[in-house]
Amino acid sequence: MSDQPTAKRFVFEEKPEPPPGGGAQRLEVFVSEIGAGASLPGIVAAKCAARVILSDGAETQNCLDNCRLNCQINNLEDVPVVGLTWGQISPDLVLLPQIDIVLGSDVFYEPKDFEDILITIFYLMQKNPHVLFWTTYQERSADWSIEALLHKWNLKCVHIPLKTFNANEQHLAGSSLPGRHTVHMMVITLRTSIPSATNS
C-alpha cells in the first residue's frame, strides 16, 4: 500500500475559519474500526488525521498482526491495535477511550455473528451515546436481516445510497468492484435520543 491516501476527499476539515496563519483546521475525531482485517478504512481515516484504534478478534492473532503490519507499511506506527471479540465485554473494550465513529467493513458476513456485533456496538454506544457506526456489507442472501436485532438492542439504521458519492458504478477506483455484488452502506445509532442537559 502507498503511504499516501488514495481517497483524498475524506479529509476531516472545518472550512469556515482557518486558524491563524492559514491552513485547514483539523477536527479531533476518534475512530475505532472493528473486525479490521486488512484495516483499509481505519488506515484511510488515520491518513485523514483522525485518531484511530484498530481491532479484530482477540483470538485471531494473525489478523491483529496483519493490522499492525499494514499500519507499519503506511507509516502509522502510533495507531493502536487491540483484540476485541464481538459480544464479549472484555477489559480492552471497557478501556477504549471516547469514540466518535465506529467503522465496520463487511462485518455482517456470518448470520451467527450478527447479534454479537450489535452487542459490541450497543455497549460502545452506552459509553458514547452520540457515536455513529458506519458499516458496509455485501448482500449474500435476501433472507438475512438485522432488523429484529436492531429493535432488540434499541438501535436504528439509516441506509446511505452509494450513488450519493458515485460508488454505485462498475469498476470503482479502477478495480473490478463491486462487479455483480450488491453492496450496502448504513449508519447505525441508538434509537432513543439522549436528553439535553437543558431539558427538565
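Residues numbered from 1 in each chain as written. Predicted model: local features only at pLDDT ≥ 70, side-chain atom pairs only at ≥ 80, totals over all residues. Heavy atoms only, no water.

1. Structural notes on the pattern of salt bridges
If you walk through the whole model with that rule in mind, you get three salt bridges. D113 is the salt-bridge partner of K112, the closest N and O atoms lying 3.4 Å from each other. We classify K112 as exposed; its relative accessible area is 65%. Relative accessible area serves as the criterion here: at 18%, D113 is assigned to the buried category. For the salt bridge of E115 with K152, the shortest nitrogen-to-oxygen distance reads 2.6 Å. Linking E115 in helix α4 (residues 114–127) with K152 in helix α5 (residues 147–152), this pair joins segments that are 37 residues apart in sequence. (Salt bridge = Lys/Arg side-chain N within 4 Å of Asp/Glu carboxyl O. Buried < 20%, exposed > 50% of the residue type's maximum accessible area, 1.4 Å probe, protein only. Helix = DSSP H or I, 4+ residues; strand = E, 2+ residues; numbered from the N terminus.)

2. Observations concerning the environment of G35
Mapped onto the secondary structure, G35 falls in the loop between β3 (30–33) and α1 (40–47). Since its relative accessible area comes to 18%, G35 is described here as buried. Residues G35 and L84, spaced 49 residues apart in sequence, show a C-alpha to C-alpha distance of 8.3 Å. With near-sequence residues (within four places) excluded, G35 lies in contact with S55, D56, W86 and V107. (Contact = heavy atoms within 4.5 Å.)

Limitation: the analysis is restricted to geometry and does not speak to function.
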